[in-house]
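Listed below are the residues making up each chain.
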Amino acid sequence: MLSQFNPIRVEAKLKRTFLKFLSDEKGATAVEYGLIAAGISLAIIAAVNGLGTNLNAQFTSLNTSLK
């Protein structure tokens with residue numbers, strides 16, 4: 001079994017596997033979509049936060065005028 005071990009073949013196979021891994025872009029697309037979703041989420045949070053502050057002031061004013 002040990003006599004069949006060929007370090008050159010193992011090195012070539014590792015090199016092919018590594019190059020195949022580097023050329024695979026499937027995961028990159030998922031990461032890009034994740035970054036886009038995170039950016040959209042931050043924009044929504046910022047908009048809702050700004051509207052929330054404004055709405056709170058409006059309801060406080062309404063509450064005060066009803067008393």
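Check the entry above for the structure.
Computed from a prediction, not measured in an experiment: that's the story for all the values here.

A. Expanded view of the overall build of the protein. Across its full length, the protein holds two helices and zero strands. Relative to a compact globule of 67 residues, whose C-alpha radius of gyration would be 11 Å, the protein shows 29 Å and is clearly more extended. For the protein, the C-alpha atoms occupy an extent of roughly 95 × 20 × 10 Å along the three principal directions. Going through the 67 residues of the protein one by one, you find that 0% of them count as buried. When the accessible surface of the protein is summed, it comes to about 6600 Å², and 67% of that surface belongs to carbon and sulfur atoms.

B. Quick look at helix α1 (residues 7–23). The end-to-end C-alpha separation of α1 is 24 Å, in line with the 24 Å expected for 17 residues at 1.5 Å each. Of all 17 residues in α1, zero are buried; the element is thus mostly exposed.

C. Structural view of the environment of A28. Residue placement: A28 occurs in helix α2 (residues 26–66). Given the relative accessible area of 39%, A28 is considered partly exposed.

Basis of the calculations
In this numbering scheme, every chain counts its residues from 1 along its sequence in written order. With pLDDT at 70 or above as the cut-off, local features in this predicted model cover only qualifying residues; side-chain atom pairs require 80 or more to be listed or tallied, and sums for whole chains, interfaces and linings still use all residues. Side-chain metrics rest on all non-hydrogen atoms present in the structure, leaving aside hydrogens and water. Secondary structure follows DSSP: runs of H or I at least 4 residues long count as helices, runs of E at least 2 residues long count as strands, and numbering of each begins at the N terminus. Just to be clear, the radius of gyration here is over C-alpha atoms, and the globule rule we use is 2.2 Å times residues to the power 0.38. Only protein chains enter the accessibility calculation, which uses a 1.4 Å probe. A residue is then buried if its area is under 20% of the maximum for its type, exposed if over 50%, and partly exposed in between. The protein chains shown are the only cover counted for residues, whose accessible areas, like all others here, come from Shrake-Rupley with a 1.4 Å probe. Helices are assigned an expected span. That span is 1.5 Å times one less than the residue count.

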